[in-house]
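# Geometric and topological summary
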Amino acid sequence: MKNRRKNETIFLITVISILLLSIIILVSLLTQNPALSTITATITPSATHQFTATRTATVTDTPTASVTVTRTATTTSTPSQTPLPSQTPTPFVFDQGEFEQVYVLDQVIPGVINRFIVADDGSFWLASPYAIGRYLPTNKQFTQINLRDQVIGFTSDGMAWSLPKAGSPLSTWDGRVGRIYDETNAWLPPQGYGLPSPISAAFSFDDNQDLWLTTAYDVRRLQGDQWRIFLPQEMTFDLPYRKTMSTSFVISHSQIDLVSWAGSCNWSDGVVAGGDGIRVYRENSWQLTDLPLKSGCVHALANDIGGHLWVAIEKQLWRLDESTQTWQQWKPPALDARRFRDFDYGEVKQLISAPDGSVWVTFGLCGFSGCDENLLVYQIVGSKWNFRLGDILQPPTLLFGANQTTWLLKPDGILLLNDEKWESMASIDWIGADVDTRGRLWLLSGELNGQMLLWRAPVNP
């Protein structure tokens, strides 16, 4: 027993000695380095957001009230559009001008709205990537459907189109019922050797009101309930046949005859890598054209009401007179040496044929640091080049209304071409815009997953 107590005493003395020695060493270190005397642990909370996507095929009808308000002017803070982040917001001054708020949509589809049209029957269509909404003014009902497949476009006949990643079946919805196109309608998944086209699918109607569609790998036409697939080989286009390259197609249709044209462009890592020019479709077959520039990337095609085909190929602009089958190259005017010093014309980025017969051409500019730093917009009226816009970074959003009016829609406002000058008509934070069959301009505005507003331009602006 005595030995046991002795051992416990020795152990206790040893532990106390070690503890005292540790305290002495710690005090010595703190005395030599005061910076270590305080240790603070800071924990910053982080927010985690979880989003649940609902993809149920539900259709609902909701009556929507019509509201008309008087002209107001309010100020809303929006992020500054400066090259570097700014802590000072740029005020957005709302001014509806003479625009009239006509409809309010209380039920809104989920997600960011990225498509909007006014159909020929007067109905309004809006879509997010996986949902479609339709508002019918005659009975003030808003109908929507949520989808599993992505929306690829609207057509003016009041039809929404969606396509799964697998490429089939192609689905439509007219606001009430849906339809599917599959192999029984000669619809097959688009496929090819290289990468898919970097350009989104595009719908158009020819002079016979047949629907055409450019896909990721080919061109297609719908007659009745049957699709006709035109592969590049049938259109006699030569492809690069490289897995790292892709080919896109653009389509345009004559406004005086049942003739269509297709142009091709090759891409490598998002950069133009040539192309094989254009082909013409007449009498149910594709044929070569006599365009003087036989090959090259076709950026855009457009047909005007006077019977001319406009072709933007590489850095050149050509026009075909359909009646005489003659080609003419259209060279833009010389650049202002003071304003555009050390710049030269690049590729044609956009061609728009206006109802008044004029053609709007958007050129990219090339400088020391490359191309597309700046864009210029001209309106060709007859044989005259009229300068319309400069110092812009993206092709403009132009819409053409009644009485040969031309609207320019910018993020910070809506302008009207009046006496050769752009006149500010309103400042509305619009999401989408379109012109109805009567030539009236409509704007869609609102908040994400919130109330949507439909504005109408004045009848005689």
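Residues numbered from 1 in each chain as written. Predicted model: local features only at pLDDT ≥ 70, side-chain atom pairs only at ≥ 80, totals over all residues. Heavy atoms only, no water.

### A short note on empty space enclosed by the protein
Considering all chains together, one arrives at 1 cavity of 30 Å³ or more under this definition. Reported here for the largest cavity is a volume of approximately 40 Å³. As for the largest cavity, its lining consists of R134, Y135, L136, N139, Q141, T143 and R176. Of all the elements in the fold, those that place two or more residues in the lining of the largest cavity are β7 (131–136) and β8 (141–146). For the lining of the largest cavity, the element with the most residues is β7, which contributes 3 residues. Looking at the lining of the largest cavity, its residues break down into 2 nonpolar, 3 polar and 2 charged. (1 Å grid on protein atoms, 1.4 Å probe; cavity = no way out; pocket = protein on both sides within 12 Å on 5 of 7 lines; lining within 4 Å. Points joined across faces, edges and corners; volume = space filled by probe spheres on them. Helix = DSSP H or I, 4+ residues; strand = E, 2+ residues; numbered from the N terminus. Nonpolar A, V, L, I, M, F, W, Y, C, P; charged D, E, K, R; others polar.)

### Examining the side chain of S246
Position of S246 among the secondary structure elements: in strand β17 (residues 245–253). Taking the relative accessible area as the measure of exposure, S246 reaches 8% and is therefore buried. Sequence-distant contacts of S246, defined by excluding residues within four places in its chain, comprise L195, P196, S197, P198, C265, N266 and W267. (Buried < 20%, exposed > 50% of the residue type's maximum accessible area, 1.4 Å probe, protein only. Contact = heavy atoms within 4.5 Å.)

### Some thoughts on the environment of D356
Tracing the backbone shows D356 in the loop between β26 (344–353) and β27 (359–367). A relative accessible area of 33% places D356 in the partly exposed class. When the C-alpha atoms of D356 and T406 are compared, they prove to be 9.9 Å apart, with 50 residues separating the residues in sequence. In this structure, D356 is in contact with I305, Q379 and Q404, ignoring residues within four places of it in sequence. Only 2.7 Å separates the side chain of D356 from the side chain of S358, close enough to count as a polar contact. (Polar contact = N/O pair within 3.5 Å; in protein donor to acceptor, adjacent residues only side chain to side chain.)

### Observations regarding the sheet that holds strand β13 (residues 202–205)
The 4 strands are arranged β13-β14-β15-β16 in an open sheet whose pairing can be described as antiparallel. Where the open sheet ends on each side, the last strands, each with one partner, are β13 and β16 (226–230). Across the sheet, the mean angle from the axis of one strand to that of its neighbour is 25 degrees, orientation sign disregarded. Sheet analysis places β13 next to strand β14 (residues 211–214), joined by 4 bridges and oriented antiparallel. The residue of β14 that forms the bridge with A202 is T214. (Pairing = 2+ DSSP bridges. Axes fitted to C-alpha atoms, helices over the stretch in contact; angles between N-to-C directions.)

### With respect to the packing of aromatic side chains
Aromatic ring pairs: the centre-centre distance and the angle between the two ring planes describe each pair. Considering all chains together, one arrives at 32 aromatic pairs under this definition. For the ring pair Y103 and W442, a centre distance of 6.0 Å and an interplane angle of 10 degrees mean the geometry is stacked. Here Y103 is found in strand β4 (residues 100–105), whereas its partner W442 is found in strand β35 (residues 441–446), with 339 residues between them in sequence. Taken individually, Y103 and W442 each receive the classification buried, so the pair is uniform in this respect. (Phe/Tyr/Trp six-rings, centres within 6.5 Å; stacked < 30°, edge-to-face > 60°.)

### Regarding the pattern of salt bridges
Tallied over the entire structure, the rule returns 10 salt bridges. With a closest N to O distance of 3.7 Å, R134 and D121 form a salt bridge. Here R134 is found in strand β7, whereas its partner D121 is found in the loop between β5 (115–118) and β6 (124–128), with 13 residues between them in sequence. The exposure class assigned to R134 is buried, which follows from its relative accessible area of 10%. With relative accessibility at 49%, the residue D121 sits in the partly exposed group. D276 is the salt-bridge partner of R279, the closest N and O atoms lying 2.6 Å from each other. Just as R279 is buried, D276 falls in that class too. (Salt bridge = Lys/Arg side-chain N within 4 Å of Asp/Glu carboxyl O.)

### Section: the environment of G364
Here G364 is to be found in strand β27. Distance from G364 to E347, taken between C-alpha atoms, is 5.5 Å for residues 17 residues apart in sequence. Contacts of G364, omitting those with residues within four sequence positions, involve D344, Y345, G346, E347, K349, D372, N374 and L375.

### A few points about the state of the cysteines
Among covalent bonds in proteins, the disulfide is the one between the sulfur atoms of two cysteines. Going through the model one piece at a time under the given rule, you end up with 2 disulfides. C265 shares a disulfide with C297; S-S distance 1.9 Å. Negative torsions about the S-S bond denote left-handed disulfides, and the value of about -95 degrees found for C265 with C297 makes this one left-handed. Here the residue C265 occupies a position in strand β18 (residues 260–268), and C297 occupies one in the loop between β21 (285–288) and β22 (298–303), the gap between them amounting to 32 residues. With a relative accessible area of 0%, C265 lands in the buried category. Taking the relative accessible area as the measure of exposure, C297 reaches 0% and is therefore buried. Here C366 engages in a disulfide with C371; their sulfurs sit 1.9 Å apart. An S-S torsion of about 105 degrees defines the bridge between C366 and C371 as right-handed. (Disulfide = S-S within 2.5 Å.)

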